[in-house]
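# Geometric and topological summary
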Amino acid sequence: MRKLVWAILFVFAASALGNPALIAQDAQPAAQEPAASTQSARDIEDISAEQIEADPVGIATEILSTPPGEYSLGRLAKLHQLRAALGERREEAREIADTGTLDSRIIEAQIETLGPAPSEGETEPAATSKRREILYRRLSEELAPLLVLREHQVRAATLITEIDDRIGAIQEDRLLSFNGTPLNPAMWVSALAATGATLGEYLGNPSLGMLGIALVLLFLVPAGILWLGKRWMAAVRSRARNTSSDARSMAILLMNDFAGLLVALFIAGSMACGLAALIWGAVSQAMLLQISVMAFVSIMMVAIARWLGRSIFRSPIDSLLIVHLTDADARHASRLTGLIGITVAAEAWLEVVENDGIIATTVANLLSALLVLWGSWLVFRLAGVIARRERKPPEPDPLADQTSTEVEIHEAIDFAGPLSRVVKVVALVAAGAAIVGFIYLAREIFFDIVGTLAVIALAYLLQRTLRFIMVVLAEGPLRRFRGIIHLLPVFTGFAIALASVPLLAIIWGYNGQEIIDGIIALRNGVSLGDITISAGDVFAFALVFFLGFVVTRWVQRILRLSILPQFALDLGARSAIVTIVGYVGIVLAAIIAITSTGLDLSSLAFVAGALSVGLGFGLQSVVENFVSGIILLLERPVREGDWIEVGPYSGIVRKISVRSTRIETFDHHQIIVPNSQLITESVKNLSFAGDAARIIVPIGVAYDTDLEKARTTLLEVAAANELVLDDPAPSVAVEDFGDNSINLKLLAFVRDVTTGAGVRSELRFAVAKRFAQEGIEIPFPQRVVTLRDERAAPAAG
């Protein structure tokens, strides 16, 4: 972002000055810089690659003692080569110094066998002291070369820092130099004159045969290939839109993209050969090869831009679209992306031929300013089209848990709006810098914003494509692995984002060697006290833990479906075993993952200390519930599937975890009960003694009822119900002689305690029906009410 800040400051400063004389004064020191560079005895461009590889430290010391010199592509290339050589020397010295020698490690092991050295005031046997002294002397001799290597490592690191500063200074001087404004007519006159001279020099007078070959390769062959390729790819895209299978649609699109790549390669090769035929004999063979390669690369850049615009704005698969636009806006955005690709390719071509001195600087500056203005306008319009996107509510995730009862998110994350506004501002800054005359700066900002958009779009398209493929697999042949597949998009997205960060850093001006050094530092590790953690350790930990997690889930699945059903275990016992195996597997996976990174578990003692402090400040309940959960799983006073009553709640135990237990009430409400409550409080387990349970149906009959007939009728009703067990057999008891009825009880057993409430209701229905048929009365309380008129006067005596 520092380039963007400098760009804004210089654009406003130049606009405020508006005085060519002052601008010329500002540019004067830059013009004097080459004179200063000529005072050096030897320039970096005069040093061969073999000399740099042979003695990078000496060359760097010599070069850094001279002024930086002006911008030159060759100078920057040599500086980068020198920096790379210094980096190799630094890493070689570091690796040797870190690993040491075999003899030094053997001597250190021998010293350890002697035990710790005696502290002050203590003594040890003379033989041990003499042996210790000899080993220390030999170790000092072995470590002396390693100390020299450490010095070389530090010296190379210091020189690398200075080289980076030198490269940055040269690039900043070029970026902040004034190159002339395209609003000046004199710049146009000079550029036109230089253009005529350049064409006459490089085109020359080609032969008629070479001119014909050039025209055929430049126009006829590409036109034919493009016509055939467009017809075929249009038919393929139409089939992709009309097919109903996601997998077939994706396969067709991939074939279409591959065919488009082949078409682009043939066209680029043909046009590069045609350009080479056009300037054959007018330039050297080396320059001819360079121009042809650059032509090929530029045409491929245009092809990639067109493919990218079509893929992210007009894809027939809706989930691959980066934003949702109307058909007209989608076509417009795709065309703008293609035009931006042409502009970038032309700008890149122009920069190469300018650095090689093929065209005059005035011509390059004028053309570059015009291309930046045109490209900035295209980028601004593209940002405006994206801002008119259609905002749709997010669709349900096909890879999400379909049984989840989480609250549905009705608003999608909007990144296109803020990004389009930022892109507009940066495009205006690039155009302003080109207008006021800071053309190199404008070119750099334009490349940066277009490169950033391209990387973001490619990363998004790659992530969405991989996710779409995973969705197709999860809904098709790999549906049984859906639980694992739904995690893969998270990891792939993280990996793609991580890979995009270095690309964006390089685009915005960071040195590629600096990025490599940062990656090497991550690979070597960062020391935190006695622990060294590297990116490789983190990746190894994540990979091993993930594999352990997958293996644990597979073992649980095998136990639940294949092994445990072979034993006479109830559902609660099987669930407890599967849960315990899951927790043990995850703990083992974590331990193995930690040890695989080379960490000593004893070095993690501070974690235990911090945990003990946390326990004293508020984690007591967490640990209490955890221990209670382990007790529930091992002792099993409450099992999954049991009907329990705890406090005011009653329901079926659905899940016992290490922190809490989930109970489902008969209203299908989910009650989360802390495990400690099930251990420390009274719990009524209606299923603890077994699945069978007794139910009681109280019934009242009139006093004049034949009790034997009522008893027989009740037993027949119970026997007729399929859910009532024959053993133990149902029975009828007289509970009490009430005020209005003789109270009887129908006692019966059901196979499953959870069906008791339903069976009681069915028995009451059946009893009411049979009593009505048998003429047995079910009495109800009756009262005699006497009304008196208090106003009536008593009769006179």
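Residues numbered from 1 in each chain as written. Predicted model: local features only at pLDDT ≥ 70, side-chain atom pairs only at ≥ 80, totals over all residues. Heavy atoms only, no water.

We now examine the overall build of the chain. Across its full length, the chain carries 25 helices and 10 strands. When burial is assessed residue by residue, the chain has 36% of its 797 residues classed as buried. Considering only residue pairs separated by 6 or more positions, the chain has 72% of its internal contacts joining residues 24 or more positions apart. Counting only carbon and sulfur atoms, one obtains 64% of the accessible surface of the chain, whose full area is about 45900 Å². (Helix = DSSP H or I, 4+ residues; strand = E, 2+ residues; numbered from the N terminus. Buried < 20%, exposed > 50% of the residue type's maximum accessible area, 1.4 Å probe, protein only. Contact = heavy atoms within 4.5 Å. Areas by Shrake-Rupley, 256 points an atom, 1.4 Å probe, with all protein chains shown as cover.)

Further remarks concern helix H17 (residues 488-507). When the terminal C-alpha atoms of H17 are compared, their 29 Å separation across 20 residues agrees well with the 28 Å that a helix rising 1.5 Å per residue should span. For H17, every residue scored as buried is listed here: Pro489, Ile496, Ser500, Ala505 and Ile507. Backbone geometry just downstream of H17 places Gly509 in the positive-phi region, at approximately 105 degrees. (Expected span 1.5 Å × (residues − 1).)

The next thing to look at is the packing of aromatic side chains. Here the distance between the centres and the angle between the planes together describe a pair of aromatic rings. Counted according to the given criterion, the structure contains four aromatic pairs. Aromatic side chains Phe446 and Phe447 sit 6.3 Å apart centroid to centroid with 40 degrees between the ring planes, which places their arrangement in the tilted category. Side by side, Phe446 and Phe447 carry an identical accessibility label, which is buried. A centroid spacing of 6.1 Å and a plane angle of 10 degrees characterise the contact between Phe541 and Phe545, whose relative ring orientation is stacked. With Phe541 and Phe545 both in helix H19 (residues 535-563) and four residues apart, the pair spans about one turn of that helix. Under the relative-accessibility criterion, Phe541 is labelled partly exposed at 32%. Residue Phe545 is classed as partly exposed on the basis of its relative accessible area, which comes to 27%. Taking NZ or CZ as reference, Lys424 lies 5.5 Å from the ring centre of Phe380, over its face. (Phe/Tyr/Trp six-rings, centres within 6.5 Å; stacked < 30°, edge-to-face > 60°. Lys NZ or Arg CZ within 6 Å of the ring centre and 35° of its normal.)

It is at 7 Å that the axes of helix H14 (residues 416-436) and helix H15 (residues 439-474) come closest, and there the two elements cross at 160 degrees. As far as their axial angle goes, H15 and H14 are roughly antiparallel. Crossing of H14 over H15 shows left-handed handedness. Facing Leu419, Val423, Val426, Val429, Ala430, Ala433 and Ala434 of H14, the residues of H15 in contact are Ile439, Ala442, Ile445, Phe446, Ile449 and Leu453. Class assignment of the residues belonging to the contact of H14 with H15 gives a composition of 13 nonpolar, no polar and no charged. (Axes fitted to C-alpha atoms, helices over the stretch in contact; angles between N-to-C directions. Parallel < 35°, antiparallel > 145°, perpendicular 65-115°, else oblique. Left-handed = near helix turned anticlockwise from the far one by under 90°. Nonpolar A, V, L, I, M, F, W, Y, C, P; charged D, E, K, R; others polar.)

Let us now look at the side chain of Asn721. Counting through the fold element by element, Asn721 comes out in the loop between helix H24 (707-720) and strand E9 (731-737). In terms of polar contacts, Asn721 uses its side chain to reach the backbone amide nitrogen of Leu723, at 2.9 Å. What Asn721 contacts, discounting residues up to four positions off in sequence, is Val759, Glu762 and Leu763. (Polar contact = N/O pair within 3.5 Å; in protein donor to acceptor, adjacent residues only side chain to side chain.)

Now for the confidence of the model for the chain. Across the chain, the average pLDDT comes to 76, with 76% of residues at or above 70. Low confidence marks residues 401-411, where pLDDT is under 50. Its contacts with residues over four positions away, or in another chain, come to six contacts. (pLDDT = per-residue confidence, 0-100.)

Right, let's talk about the packing of H15 against H17 for a bit. With their axes 10 Å apart at the nearest point, H15 and H17 run at an angle of 165 degrees to one another. Between H15 and H17, the crossing angle belongs to the class labelled roughly antiparallel. Seen along the crossing, H15 lies across H17 with a hand that is right-handed. Where H15 abuts H17, its residues Glu444, Phe447, Asp448, Gly451, Thr452, Val455, Ala459, Leu462, Gln463, Leu466, Arg467 and Met470 lie against Leu488, Pro489, Thr492, Gly493, Ile496, Ser500, Leu503, Leu504 and Ile507. For the contact of H15 with H17, the class distribution of residues is 12 nonpolar, six polar and three charged.

Note on pairing: side chains with opposite charge can pair once their charged atoms come close. By the definition in use, this model includes nine salt bridges. A salt bridge links Arg83 to Asp164, with the nearest nitrogen and oxygen atoms 2.4 Å apart. Remark: Asp164 occurs in helix H7 (residues 126-175) and Arg83 occurs in helix H5 (residues 73-99); sequence separation between them is 81 residues. Asp164 carries the same exposure label as Arg83, and that label is buried. A salt bridge links Glu716 to Arg770; the shortest N-O distance between them is 2.8 Å. Of this pair, Glu716 sits in helix H24 while Arg770 sits in helix H25 (residues 756-774), and the two are 54 residues apart along the sequence. In this structure, a network of salt bridges that share partners links the residues Lys709, Glu716, Arg770 and Glu774. (Salt bridge = Lys/Arg side-chain N within 4 Å of Asp/Glu carboxyl O.)

One open sheet accounts for three strands, arranged E8-E10-E9; its pairing is antiparallel. Where the open sheet ends on each side, the last strands, each with one partner, are strand E8 (693-701) and E9. Averaged over all pairs of adjacent strands, the angle between strand axes in this sheet comes to 25 degrees, irrespective of strand direction. Against the sheet, H24 touches E8, E9 and strand E10 (742-750), its axis set at about 25 degrees to E10. The sheet strands contacting H25 are E8 and E10, and the helix crosses E8 at an angle near 30 degrees. (Pairing = 2+ DSSP bridges.)

Taken together, Val622, Val623, Phe626, Val627, Ile630, Ile631, Leu634 and Ile679 make up a surface patch of nonpolar side chains, about 620 Å² in accessible area. If you trace the backbone, Leu634 turns up in helix H22 (residues 620-635). (Patch = residues over 30% accessible without salt bridge, like charges linked within 9 Å, V, L, I, M, F, W, Y side chains within 5 Å.)

Structurally, Asn256 can be placed in helix H10 (residues 246-278). Since its relative accessible area comes to 1%, Asn256 is described here as buried. Between the alpha carbons of Asn256 and Gly229 there is a distance of 9.7 Å; along the sequence they are 27 residues apart.

This part covers a negative patch on the surface. A grouping of Glu50, Glu53, Glu88 and Glu92 is seen on the molecular surface, where their side chains present a negatively charged patch. With respect to the secondary-structure elements, Glu92 resides in helix H5. On the basis of relative accessible area, Glu92 is assigned to the partly exposed category, the value being 46%. (Lys, Arg positive; Asp, Glu negative; His and termini not counted. Charge placed at Lys NZ, Arg CZ, Asp CG, Glu CD.)

Here we take up the environment of Ile506. Note that Ile506 resides in helix H17. For the pair formed by Ile506 and Gly451, sequence separation is 55 residues and the distance between their alpha carbons is 9.9 Å.

Looking now at a positive patch on the surface. Together, Arg553, Arg557, Arg560, Lys655 and Arg662 give the surface a local cluster of positive charge. No other element matches the three residues that H19 contributes to the positive patch. Relative to the elements of secondary structure, Arg553 occurs in helix H19. In this structure Arg553 comes out as partly exposed when scored by relative accessible area, which is 36%.

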